[in-house]
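This is what each chain is made of:
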Amino acid sequence: QVQLVESGGGLVQAGGSLRLSCTASGRTFSNYAMGWFRQAPGKEREFVATITWRADSTYYADSVKGRFTVSRDNAKNTVYLQMNSLKPEDTAVYYCAARPPYRGTYYLAREYDYWGQGTQVTVSS
């Protein structure tokens, strides 16, 4: 089992920045690729970003590319999502999730075994 706890959400004006953190406990964090997803009211959960277990590759949704950066610190069992130039359409509950490295379809939520409880991000216009 891997337990994931997100933090860092909040209310920010358009154009502002937030940094989300996701801290893991339980099984070895560094064994897993990590992803960030988000879900806005009335919409399906969507992929945002992912980072491999060695942090040698990252992938982003087109909607956040160039604005968001995913990183991880395996010594701290933590993955981060730095969000810059935020837009009102970024408003959602953000979730981190853990994926076994042998599952390569990183943009599908079903590929992830463990999920955090989510943190709310609200961007005002």
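Since we're looking at a predicted model, the values are computed, not measured. (Residues numbered from 1 in each chain as written. Predicted model: local features only at pLDDT ≥ 70, side-chain atom pairs only at ≥ 80, totals over all residues. Heavy atoms only, no water.)

Visitor: Can you lay out unusual backbone geometry for me, pointing to particular residues and giving the numbers?
Guide: One non-glycine residue with positive phi stands out, namely A55, at about 60°. Mapping A55 onto the fold places it in the loop between strand 5 (46-51) and strand 6 (58-60). Take A55: its relative accessible area is 39%, and that puts it in the partly exposed class. A positive phi angle is found at S85, which is not glycine, with a value near 50°. (Helix = DSSP H or I, 4+ residues; strand = E, 2+ residues; numbered from the N terminus. Buried < 20%, exposed > 50% of the residue type's maximum accessible area, 1.4 Å probe, protein only.)

Visitor: Please give an account of the environment of Y94 that cites residues and values.
Guide: Along the polypeptide, Y94 turns up in strand 9 (residues 92-99). Note on Y94: relative accessible area 0%, which makes it buried. Separated by 44 residues in the primary sequence, Y94 and T50 have C-alpha atoms spaced 13 Å apart. Every residue in contact with Y94, bar those within four places of it in the chain, is listed here: E6, L20, F37, R38, V48, F68, L81, M83, G118, T119 and V121. Of note is the side chain of Y94, whose polar atom sits 2.6 Å from the backbone oxygen of D90. (Contact = heavy atoms within 4.5 Å. Polar contact = N/O pair within 3.5 Å; in protein donor to acceptor, adjacent residues only side chain to side chain.)

Visitor: Outline the state of the cysteines, listing residues and values.
Guide: Under the definition given, this model contains 1 disulfide. At a sulfur-sulfur separation of 1.9 Å, the disulfide partner of C22 is C96. Its torsion about the S-S bond being 50°, the disulfide of C22 and C96 is classed as right-handed. Placement of the pair is C22 in strand 3 (residues 18-26) and C96 in strand 9, with a sequence separation of 74 residues. (Disulfide = S-S within 2.5 Å.)

Visitor: Before we move on, can you summarise the side chain of T78 with the specific residues and values?
Guide: Summarising the element assignment, T78 is placed in strand 8 (residues 78-83). A distance of 3.3 Å separates the side chain of T78 from the side chain of T23, its partner in a polar contact. Here K76 takes part through its backbone oxygen, which lies 2.8 Å from a polar atom of the side chain of T78. The contact partners of T78, leaving out residues within four places of it in the chain, are S21, C22, T23, F29, R72 and D73.

Visitor: Just give me the short version of the side chain of T119, but keep the residues and values in it.
Guide: Positionally, T119 belongs in strand 11 (residues 119-124). Relative accessible area serves as the criterion here: at 11%, T119 is assigned to the buried category. A distance of 3.3 Å separates a polar side-chain atom of T119 from the backbone nitrogen of G9. Ignoring any residue separated from it by four or fewer positions in sequence, one finds T119 in contact with E6, S7, G8, G9, L20, A92, V93 and Y94.

Visitor: So what's going on with the packing of aromatic side chains? Residues and values would help.
Guide: Under the defined criterion, the tally for this structure stands at 9 aromatic pairs. Geometrically, the ring pair formed by Y59 and Y106 is stacked, given 4.5 Å between the ring centres and 15° between the ring planes. One end of the pair, Y59, is in strand 6; the other, Y106, is in the loop between strand 9 and strand 10 (114-115), and 47 residues separate them in sequence. Given a relative accessible area of 22%, Y106 falls into the partly exposed group. Consider the rings of Y112 and W115, whose centres lie 6.0 Å apart with planes at 55°: the pair is tilted. W115 gets classed as partly exposed once you look at its relative accessible area, which sits at 26%. Linked through ring pairs, F37, F47, Y59, Y95, Y106, Y107, Y112 and W115 together constitute an aromatic cluster. One Lys or Arg, R45, reaches over the ring of Y95 and ends 3.8 Å from the middle of that ring. The lysine or arginine in question, R72, covers the ring of F29, its NZ or CZ lying 4.4 Å from the ring centre. (Phe/Tyr/Trp six-rings, centres within 6.5 Å; stacked < 30°, edge-to-face > 60°. Lys NZ or Arg CZ within 6 Å of the ring centre and 35° of its normal.)

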